[in-house]
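These are the residues of each chain, in order.
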Amino acid sequence: MSKKKSFSLPMLCAFAWFGHACGSSFATGRLAVQYCTKHGPIGIIGGILIFLMAGAWMYITLEYGRLIKSKNYHDIVSTIYWDNKAVGGVMSVVWDVIQLYSIVITSGACIAGSGSVLQDAFGLNYNIGMILFAAIMVVLFIVGPGVFKRFGKMSFPMFILLMIVCVVSIVIGKEHLGLVFAGSTGYTFPEGVGTAKGVVNDAFIYACTQLGFVGTGSIFAGQFESRKDTVKAVGVGMLLCGVGLSVCTLATLTTFPACTDQTLPFLEIIKTVKGVGGTVLYAIYVVVLYIAYISTAGSLILSGVSRYGKQVNKIFKNDKITTAVMIIVFLFISTILGKLGLMTIVNKGYGLLGKLRMPTWYLPILILGPISIIRVTKEQKAQEAASAE
């Protein structure tokens, strides 16, 4: 007798989206602070708004992927802008370039974060911490790519731990949280920060950084059986991500405005928990966070090797040499970027990623995607009618 699956395909897609959103930088609290918490209490609204914006785009893209039975994002990109080979070819190149930038900048954030974690936990020099992380990555790649899939299973425990950290921080910081909501901290917001316009602007940029999940989502979408599957996957994903980010924003507000200058806000919060419980929580968080960095960077680099390997192999004519060279290049560039520091990468690198995707991914598909869905739906109905005759 075959065993029943624990979760349906749409639910697995939703969980995968949450895992993508709650990667290394999200787990540190840095992204929550950069795009939500810095605006004060109204930043919580931004956390929800981010995934409403991303969700609308994701629904259009995945529903189109379902209709055409996509196997990867190239299947979607080639025709969703317009049913024209030249347009699809140009946009595929645009997507590849932006995805390559995304891989490098996110891996750089992982390497930078690992250096900060080791420096905070053991007093290790930041640069040495980054080099050590890169060396560990090389060893793991030699062991075999499958190891990153095993590390990836830590995403759910990471979420549970993150929520525990949030609840603990809210409980111990409730007095200061009351002052923050009352506007009694004496903090003066910089120009453009702490306003409705500022919240919406940052939410828009952060939402665009989250569109990269379509790389995985397009594979799920191609296997969906009906529009209900798309609705369930996007709906649950939006709920998990939106609530998760909003709770993280509320938790980091317990140390506002100090958190705005902290590289690892959640780690700073954990330090305030005294006694054996605080020590154990700190140790577990550091270990799991480091594993999250390894898993995220490893998966991203592997996706880069998978996507661009065929082109690079035309130079080396050997799969193993091509893979080794690409891994070393990715790690080298990411480590160089890591020297900028996690805060700079999040502030500048992620911001640029969002701005690149806004005019090339988000807005065009938000407008043209529904038109393409109607077009494909009509074509399929016409084919069905013709077959019935």
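My aim in this report is to walk through the structure given alongside it, one point at a time. (Residues numbered from 1 in each chain as written. Predicted model: local features only at pLDDT ≥ 70, side-chain atom pairs only at ≥ 80, totals over all residues. Heavy atoms only, no water.)

Quick look at the overall build of the protein chain
What the protein chain contains, in helices and strands, is 17 helices and 0 strands. Computed over the C-alpha atoms, the radius of gyration of the protein chain is 22 Å, within 12% of the 21 Å expected from 2.2 N^0.38 for a compact globule of 389 residues. When its C-alpha atoms are laid out on the principal axes, the protein chain stretches across 75 × 55 × 50 Å. The buried share of the protein chain, taken over its 389 residues, is 50%. (Helix = DSSP H or I, 4+ residues; strand = E, 2+ residues; numbered from the N terminus. Rg over C-alpha atoms; globule rule 2.2 N^0.38 Å. Buried < 20%, exposed > 50% of the residue type's maximum accessible area, 1.4 Å probe, protein only.)

Points about the packing of aromatic side chains
In this description, an aromatic ring pair is defined by two values, namely the gap between the centres and the angle between the planes. Under the criterion given, the structure shown has 12 aromatic pairs. Between Trp17 and Phe51 the ring centres are 6.1 Å apart and the planes differ by 65°, which places this aromatic pair in the edge-to-face class. In this pair, Trp17 is assigned in helix H1 (residues 9–21) and Phe51 in helix H4 (residues 43–68), connecting sequence segments 34 residues apart. Each member of the pair, Trp17 together with Phe51, is buried. Measuring from ring centre to ring centre gives 6.1 Å for Trp17 and Phe213, while their planes differ by 10°; the resulting arrangement is stacked. (Phe/Tyr/Trp six-rings, centres within 6.5 Å; stacked < 30°, edge-to-face > 60°.)

Description of unusual backbone geometry
Looking along the chain, the bond that leaves Phe256 and enters Pro257 is cis, with omega of 10°. In this fold, Pro257 is placed in the loop between helix H13 (227–252) and helix H14 (265–271). Backbone geometry at Lys69 places phi at a positive 55°, although glycine is not the residue there. Along the chain, the position of Lys69 falls in the loop between H4 and helix H5 (73–80).

Overview of the nonpolar core
Membership of the largest hydrophobic core comes to 100 residues, with the highest contact counts inside it found for Trp57, Trp95 and Phe266. Considering every element that reaches this core, the biggest residue donor is helix H15 (residues 275–316), with 14 residues. The residues contacting Trp57, other than those within four sequence positions of it, are Trp95, Leu211, Val214, Trp361, Tyr362, Ile365 and Leu366. (Core = buried A, V, L, I, M, F, W, Y, C linked by side-chain atoms within 4.5 Å. Contact = heavy atoms within 4.5 Å.)

Here we look at the side chain of Gln210
Topologically, Gln210 is positioned in the loop between helix H11 (196–209) and helix H12 (214–221). Apart from the residues lying within four places of it in its own chain, the contact partners of Gln210 are Trp17, His20, Ala21, Phe51, Met58 and Arg357.

Describing H4
Side chains that are three or four residues apart share a direction in an α-helix, a result of its 3.6 residues per turn. Here H4 is 26 residues long and its end C-alpha atoms lie 38 Å apart, about the 38 Å a rise of 1.5 Å per residue gives. Lys69 sits one or two positions beyond H4 and adopts a positive phi of about 55°. (Expected span 1.5 Å × (residues − 1).)

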